[in-house]
Amino acid sequence: MAEAAAGQYPLPSPTDPLATSSRRRISARRVALALAVLGLLGIGALYSQKDSLAPQVADTGRQVVGDENWAKVESYWFRLEDRIHKVKYRVLGGDTNPFVIEVEVEFVPRVEARTWTVDVRPAVAAALVPTADEFLQKALVLPKTTPLRDAPEEGEGVWTTTGLPRTSPSDILMAKTFVRPDKSRPYALVGVLLVDSRRIRLSMTGGTADPGGDRGVRGPGTIPADAQSKLLVAWNGGFKGPHGSYGMVADGKEYRPLRNGLATICSYKNGSLQIGEWGTDLTAVDTITSCRQNAVLLVKDGQISKRTAEGNDTWGYVAVNSAEFITWRSAVGVTKDGSLLIAAGNSLSAATLASALWASGAYTAMQLDINSPYVLLSKFYQQPDGSLRAERFMDNMPDSPARFLKTQERDFMYVTLDESGWR
């Protein structure tokens, strides 16, 4: 066997203990690295599916550790997720407009023209004969928006009719805009939908489990078949029944009693709707068809409520202050002239949601449900074959937009076209 060159050590043989130990260390490192990679891939896969897993995980967590402890877990998670979003935005940037412009295919049945009969006999005073303008309904007034940033993005705070069902610039049934209400989170986008309340009917329905299932009061959780031909939009209701015990009446049932001092939205037999504080702005009358309560008003008399930062005696039922959770949130409001506003957005607190509604022209507004994937606003387009095409209002909304066409465990609201009192 040849001797090693001068100044060199002999190479270890395959059976040398040093070589075996080195191979073991290399193998251990590879295994550890592989496990780390697999762990990261697993975490990434779970994170990508967090919206679909969230309801099951939350319900299981509450059963195992209790509502109070699970609320603390959620609080930690929301803080972590908020940090992830901030880092992601700094590194990769993010969307600045929540709407994707698409051309939707929609079949709109022709509406019969109105006929008018005017008595023009000489005995009728000329002053009593209406002018041509008086025959025409006034167009929807688009509310003035208030900038919340020195340099708004393109389209921010600007009303548009693009991509909305049964709507065109010459016949505005609905309009939309978006607002970024949080300077520390430029990626927090609130989409706002404006609906002409004179031409629609607001309906609510209880879910098969919430808000009254724990009281033995279960709802149908569906949109009636005869309403689907005129369906425009649908969106989530409020918190789960036990989470604050906020009242709801609908479907001819009392799911939970209505309580004084709470933010409430009500619809009436004549098709009108109102939002206000129950017991002050709204009271029980025979003409009410449905009402839903959820926390306190976000906007009142055209001003942002000072109660948006109060503790959870106001915003829920647990010790953790969910008003400070940075998460998906939804809301409804009305403008000063009574038009309906529906809003939703990501990475919001109760205060920033209130700011977005106020900036969009809300005179009165209230929060609905929070967290992903519960927050969802769907648009519906009539198709020539009689079916409905469902689309998300905002492209980044989680869950299927066709969700509301199936039986729901939780309550929700929907709007149908009803121009019986307008045309």
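Just above, that's the structure.
To start, this report covers the structure provided alongside it.

Reading guide: rules and limits
- Residues numbered from 1 in each chain as written.
- Predicted model: local features only at pLDDT ≥ 70, side-chain atom pairs only at ≥ 80, totals over all residues.
- Heavy atoms only, no water.
- Helix = DSSP H or I, 4+ residues; strand = E, 2+ residues; numbered from the N terminus.
- Buried < 20%, exposed > 50% of the residue type's maximum accessible area, 1.4 Å probe, protein only.
- Contact = heavy atoms within 4.5 Å.
- Areas by Shrake-Rupley, 256 points an atom, 1.4 Å probe, with all protein chains shown as cover.
- Patch = residues over 30% accessible without salt bridge, like charges linked within 9 Å, V, L, I, M, F, W, Y side chains within 5 Å.
- Salt bridge = Lys/Arg side-chain N within 4 Å of Asp/Glu carboxyl O.
- Pairing = 2+ DSSP bridges.
- Axes fitted to C-alpha atoms, helices over the stretch in contact; angles between N-to-C directions.
- Phe/Tyr/Trp six-rings, centres within 6.5 Å; stacked < 30°, edge-to-face > 60°.
- Disulfide = S-S within 2.5 Å.

Section: the overall build of the protein chain
So, point 1. Tallying secondary structure elements over the protein chain gives 6 helices and 17 strands in all.
So, point 2. Counting every position in the protein chain, which comprises 423 residues, the buried fraction comes to 47%.
So, point 3. Contacts spanning at least 24 positions in sequence make up 68% of the contacts within the protein chain whose residues lie at least 6 apart.
So, point 4. When the accessible surface of the protein chain is split by element, carbon and sulfur atoms take 56% of a total near 22,300 Å².

Observations concerning the environment of A356
So, point 1. Turning to its location among the elements, A356 is positioned in helix α6 (residues 350-359).
So, point 2. In this structure, the C-alpha to C-alpha distance between A356 and A343, residues 13 residues apart in sequence, is 8.5 Å.

Side note on a nonpolar patch on the surface
So, point 1. Judged by side-chain polarity, W77, L80 and I84 come together as a nonpolar surface patch covering roughly 260 Å² of accessible area.
So, point 2. What makes L80 partly exposed here is its relative accessible area of 44%.

Side note on the pattern of salt bridges
So, point 1. Within this structure, the stated rule accounts for 16 salt bridges.
So, point 2. With a shortest N-O distance of 3.7 Å, R180 and E153 are connected by a salt bridge. With a gap of 27 residues between them, R180 in the loop between β1 (174-179) and β2 (190-195) and E153 in the loop between α4 (132-135) and β1 connect regions that are remote in the sequence.
So, point 3. With a relative accessible area of 29%, E153 lands in the partly exposed category.
So, point 4. For R180, the salt bridge is made with E156, and the minimal N-O distance between the two is 3.2 Å. Here E156 lies in the loop between α4 and β1 and R180 lies in the loop between β1 and β2, a separation of 24 residues in the sequence.
So, point 5. The class for R180 is buried, based on a relative accessible area of 3%.

As for the sheet that holds β2
So, point 1. What the 7 strands build is an open sheet, ordered β1-β2-β13-β12-β14-β10-β11; its pairing is antiparallel. Here the strands that pair on one side only, and so sit at the sheet edges, are β1 and β11 (303-304).
So, point 2. Here 5 bridges tie strand β12 (residues 327-334) to strand β14 (residues 364-370), and the two strands are oriented antiparallel to one another. Paired with V334 across the bridge in β14 is T364.

Let's talk about the pairing of strand β4 (residues 231-236)
So, point 1. Where burial is concerned, most of β4 is hidden: 6 out of the 6 residues are buried.
So, point 2. Pairing analysis gives 5 bridges linking β4 to strand β17 (residues 412-417), with the strands arranged antiparallel. For W235, the partnering residue across the bridge sits in β17 and is M413.
So, point 3. Inspection of the sheet shows β4 paired to strand β15 (residues 377-382) by 3 bridges, in the antiparallel sense. Looking across to β15, one finds that W235 is bridged to L377.

Details of the environment of A225
So, point 1. Note on placement: A225 falls in the loop between β3 (200-205) and β4.
So, point 2. A relative accessible area of 69% places A225 in the exposed class.
So, point 3. Residues A225 and L405, spaced 180 residues apart in sequence, show a C-alpha to C-alpha distance of 9.7 Å.

What about the sheet that holds β4?
So, point 1. Here 5 strands make up an open sheet; going across it, the order is β3-β17-β4-β15-β16 and the pairing antiparallel. Only two strands of the sheet have a single partner each, and these edge strands are β3 and β16 (388-392). Neighbour-to-neighbour, the strand axes of this sheet turn through a mean angle of 20°, independent of strand direction.
So, point 2. In this sheet, β16 lies alongside β15 in antiparallel orientation, the contact comprising 5 bridges.

Describing the pairing of strand β7 (residues 263-268)
So, point 1. In terms of residue burial, β7 counts as a mostly covered element, since 6 of its 6 residues are buried.
So, point 2. Of the two faces of β7, both are covered, the one formed by A263, I265 and S267 as well as the one formed by T264, C266 and Y268.
So, point 3. One ladder, built from 5 bridges, connects β7 with strand β8 (residues 273-277); its direction is antiparallel. Bridging across to β8, T264 finds its partner in G276.
So, point 4. With antiparallel pairing between neighbouring strands as the criterion, β7 and β8 make up a hairpin whose turn holds 4 residues, including G271 at a positive phi of roughly 95°.
So, point 5. In the sheet, β7 pairs with strand β9 (residues 288-293) via 5 bridges, with the strands oriented antiparallel. Within β9, the position partnered with C266 by the bridge is C291.

Some points on the packing of aromatic side chains
So, point 1. Inspection of the entire model under this criterion finds 6 aromatic pairs.
So, point 2. On the numbers, 5.1 Å between centres and 65° between planes, the contact of F99 with F393 is edge-to-face. Of this pair, F99 sits in the loop between α3 (67-92) and α4 while F393 is found in the loop between β16 and β17, placing the two residues 294 residues apart along the sequence. Take F99 and F393: they sit in the same class, and that class is buried.

Focus on the state of the cysteines
So, point 1. Taken as a whole and judged by the stated rule, the model has 1 disulfide.
So, point 2. Each disulfide pairs two cysteine sulfurs, and for C266 the partner residue is C291, the sulfurs being separated by 2.1 Å. A torsion of 110° about the S-S bond marks the disulfide between C266 and C291 as right-handed. Taken together, the residues C266 in strand β7 and C291 in strand β9 connect sequence positions 25 residues apart.
So, point 3. Under the relative-accessibility criterion, C291 is labelled buried at 0%.

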